[in-house]
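Coordinate analysis (summary)
Given next are the chains, with one letter for each unit.
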Amino acid sequence: MVIEAAMICIDNSEWMRNRDCAPTRFQAQYDAVFPLCRAKIQLNPENTVGVMTMDGERARVLVTPTNDLGKILGCMHAMSF
């Protein structure tokens, strides 16, 4: 059994908030994060997933690698569109 630690990188720059398509590019990323994290953790309960954003010049870690889906969901709700 392989134990994984993954970081999900979300681009929340102004470019990704462009409303030239529905849903916005940011909304599409947002919608994909939680199911992806849940699938990773369900493969092995010891797997961990973290979430970070990349906006402009620097990256920001929202959640360090964890297997707590509540923390991941909480940080996703705190992000703005």
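The present account deals with the structure reproduced in this document. Not measured: the values here are computed from a predicted model.

1. Let's talk about helix H2 (residues 69-78)
Within H2 the residues assigned to the buried category are Ile72, Cys75 and Met76. Buried residues of H2 fall within an arc of 100° about the axis and therefore sit on the same side. In H2, those exposed residues whose orientation departs by more than 90 degrees from the buried face are His77 and Ala78. Residues of H2 that are buried make contact with strand E1 (5-11), helix H1 (25-43), strand E2 (48-55) and strand E3 (58-66). Two to three positions downstream of the cap, the backbone nitrogen of Gly70 sits 2.9 Å from a side-chain oxygen, assigning the N-cap of H2 to Asp68.

2. Points about H1
Note on helix geometry: an α-helix contains 3.6 residues per turn, so any two residues three or four positions apart are oriented the same way. In a regular helix each residue adds 1.5 Å, so 19 residues correspond to 27 Å; H1 covers 27 Å between its end C-alpha atoms and thus fits that length. Helix geometry: H1 is bent most strongly at Val33, by close to 25°, with proline Pro35 lying one to four residues after it. Looking at H1, one finds that the buried residues are Phe26, Tyr30, Val33, Cys37 and Ile41. In this fold, the buried residues of H1 make contact with E1, E2, E3 and H2.

3. Some thoughts on the state of the cysteines
In the structure shown here, the tally under the stated rule is zero disulfides. Here Cys9 is not disulfide-linked; the sulfur of Cys37 is the nearest cysteine sulfur, at 11 Å. Sulfur of Cys75: no disulfide; nearest cysteine sulfur belongs to Cys37 and is 7.9 Å away.

4. Examining the pairing of E1
Burial along E1 is one-sided: the residues Ala6, Ile8 and Ile10 are buried and none of Ala5, Met7, Cys9 and Asp11 is. Inspection of the sheet shows E1 paired to E2 by seven bridges, in the parallel sense. Considered in E2, the bridge of Asp11 is made with Met54.

5. So, the pairing of E3
In this structure, E2 lies alongside E3, joined through six bridges in antiparallel fashion. Bridge assignment links Met52 to a residue of E3, and that residue is Val61. Once E2 ends, the chain turns through two residues before running back antiparallel as E3, passing Gly56 with a positive phi of about 75°.

6. What about the environment of Cys75?
Structurally, Cys75 is set in helix H2. When residues no more than four places from it in sequence are discounted, the contact partners of Cys75 are Val51, Leu62 and Val63.

7. A word on the pattern of salt bridges
A pair can form between side chains of opposite charge whenever their charged atoms are brought close. This structure, assessed with the given rule, holds one salt bridge. A salt bridge links Glu4 to Lys40; the nearest nitrogen and oxygen atoms lie 2.8 Å apart. With a gap of 36 residues between them, Glu4 in the segment before E1 and Lys40 in helix H1 connect regions that are remote in the sequence. Looking at Glu4, the relative accessible area reads 31%, which means it is partly exposed.

About the thresholds
- Residues numbered from 1 in each chain as written.
- Predicted model: local features only at pLDDT ≥ 70, side-chain atom pairs only at ≥ 80, totals over all residues.
- Heavy atoms only, no water.
- Buried < 20%, exposed > 50% of the residue type's maximum accessible area, 1.4 Å probe, protein only.
- Helix = DSSP H or I, 4+ residues; strand = E, 2+ residues; numbered from the N terminus.
- Arc of directions from axis to C-beta.
- Contact = heavy atoms within 4.5 Å.
- Polar contact = N/O pair within 3.5 Å; in protein donor to acceptor, adjacent residues only side chain to side chain.
- Expected span 1.5 Å × (residues − 1).
- Bend = angle between axes of the 7 residues up to and from the residue.
- Disulfide = S-S within 2.5 Å.
- Pairing = 2+ DSSP bridges.
- Salt bridge = Lys/Arg side-chain N within 4 Å of Asp/Glu carboxyl O.

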